[in-house]
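Remarks on the overall topology
Listed below, chain by chain, are the residues.
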Amino acid sequence: MIATPWKSFTPVDGDDGGELKGLRLKPGPITDYIGRNGYDPNFIPGVELALPGLGENTPDATPLHDEALFEDGADPHELKYQNFSVKMCRSRRQPFYSAVNIDGRQSARGVERTNIWKYDPRIPIDAQIIKECYGRKEDGLFSRGHMTRREDPNWGASMDLIKQADADTFHVTNASPQQQGFNAGLWLDLESYILDNTDDENIRASVLTGPIFDQDDPIYRGVKVPISFWKIVAFTHPATKAPAAIAYRRTQASFLPKPSKSRFIFGDFDDTQVSIVSLAEDTGLDLSSWEPLDVMTSAPSEMEVRLRSVADAYLNP
């Protein structure tokens, strides 16, 4: 494996994604969400990276239920937050994905955690997981795992916007059930590596994160819990100065409560780097605008790079 010699990273404080200290069941009015900028497809210079189309998933998508929120030509399935957007799956009550822009020039990484989880009033409350499978690990329950990581959208022209971005990541629409041990380790290191390098290199990045829904996913407290998750990171490569993208997949099979964990071992590695083409096949999403940037674009679509650490990642375009 070939690794691009980026500088070593220093992990940031862990974002456990599972704080249950607060849950706001009565969020503010829908009008509070007017003005959120959402994900910007033209954020990275020299390339347009559209929000992935839902493709075969479209009939199962959750649209905004208030037409007053629709802008001319807007996507009715896009939930816009500060610097990121989410598209929701109705049957799973979880995001198909969350898409975020990261600006290393303005990143404010010391913002205090909001820790107040809330539902989004722009879609039906019964289309969101509020409490069902979330709770203490000792009870066999799950953390609310951030899809867009809390720190990633925390940038902007004012501290008010930065704090808004942090608070927005604590919507249940930006979460999927994850075991605490899963939402740390290499998965966290990969995100830290991305964020550290965007800061230090003064570059921008756009990140997609979501679960892989499978009909055989196990059920806990009435919720189908995803076994695997995926992430795509697009950035301006510090060596070539050209847009590039890398994709990862991770399984939480080995972290799940028994008896399910023995049924879903993904090979013998929890973490793999994969092609964007293979993720499109796994998720049913249209990732066509992202595929040409893949550093593995010349490799067979079924190729996987097993990751023991971030140093194993194949980063040369």
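Residues numbered from 1 in each chain as written. Predicted model: local features only at pLDDT ≥ 70, side-chain atom pairs only at ≥ 80, totals over all residues. Heavy atoms only, no water.

For the rest of this paragraph, the subject is unusual backbone geometry. Positive phi outside glycine occurs at R93, with the angle close to 60 degrees. In this fold, R93 is placed in the loop between β3 (84–89) and β4 (94–103). Look at R221: it is not a glycine, yet its phi comes out positive at around 50 degrees. Along the chain, the position of R221 falls in the loop between β9 (219–220) and β10 (223–224). In this structure R221 comes out as exposed when scored by relative accessible area, which is 53%. (Helix = DSSP H or I, 4+ residues; strand = E, 2+ residues; numbered from the N terminus. Buried < 20%, exposed > 50% of the residue type's maximum accessible area, 1.4 Å probe, protein only.)

Turning our eyes to something else, we now look at the pairing of strand β6 (residues 143–146). Of the two faces of β6, the one holding S143 and G145 and the one holding R144 and H146 are both buried throughout. Relative to strand β7 (residues 175–178), β6 is paired through four bridges, and the arrangement is antiparallel. For R144, the partnering residue across the bridge sits in β7 and is P177. (Pairing = 2+ DSSP bridges.)

Here we come to helix α3 (residues 276–283). Taken together, the buried positions of α3 are I276, S278, L279, A280 and T283. Each element contacted by the buried residues of α3 is listed here: β8 (204–212), β11 (228–236), β12 (243–251) and β13 (271–274). Remark: G284 follows α3 within two positions and exhibits a positive phi of approximately 75 degrees. (Contact = heavy atoms within 4.5 Å.)

Looking now at the nonpolar core. Within the largest apolar cluster, 28 residues are counted, with the highest numbers of intra-cluster contacts made by L49, Y97, L208, W230, I232, L287 and W290. Secondary structure elements with two or more residues in this core: β4, β8, β11, β12 and α3. Every residue in contact with L208, bar those within four places of it in the chain, is listed here: P52, Y97, S98, A99, W230, K231, I232, L287 and W290. Core analysis: the second largest hydrophobic core is formed by 20 residues, L64, Y81, L190 and V233 among them. (Core = buried A, V, L, I, M, F, W, Y, C linked by side-chain atoms within 4.5 Å.)

This brings us to the packing of aromatic side chains. Under the counting rule described, the total for this entry stands at five aromatic pairs. With 5.0 Å between their ring centres and 65 degrees between their planes, F142 and Y220 make a pair best called edge-to-face. Of this pair, F142 sits in the loop between β5 (117–118) and β6 while Y220 sits in strand β9, and the two are 78 residues apart along the sequence. Each of the two residues, F142 as well as Y220, counts as buried. A cation over a ring is seen here: R122 above Y81, with NZ or CZ 5.0 Å from the ring centre. (Phe/Tyr/Trp six-rings, centres within 6.5 Å; stacked < 30°, edge-to-face > 60°. Lys NZ or Arg CZ within 6 Å of the ring centre and 35° of its normal.)

All right, on to the confidence of the model for the protein chain then. When pLDDT is averaged across the protein chain, the result is 79; 72% of the residues are at 70 or more. Confidence drops under a pLDDT of 50 for residues 259–269, and excluding neighbours within four residues, the segment shows 22 contacts in the predicted structure. (pLDDT = per-residue confidence, 0-100.)

Structurally, the position occupied by N174 is in the loop between α1 (159–168) and β7. Engagement of the side chain of N174 in a polar contact is seen with the backbone oxygen of T169, the distance being 3.0 Å. Those residues within four positions of N174 in sequence are excluded, and the remaining contacts are F84, V86, S98, G145, H146, M147, T148 and T169. (Polar contact = N/O pair within 3.5 Å; in protein donor to acceptor, adjacent residues only side chain to side chain.)

Among the 10 residues in β4, 10 count as buried, and that is most of the element. Relative to β4, β3 runs antiparallel, the two sharing six bridges. Bridge pairing in β4 places C89 opposite Q94. Hairpin connection between β3 and β4: a loop of four residues separates the two successive antiparallel strands, and R93 in this loop has a positive phi of roughly 60 degrees.

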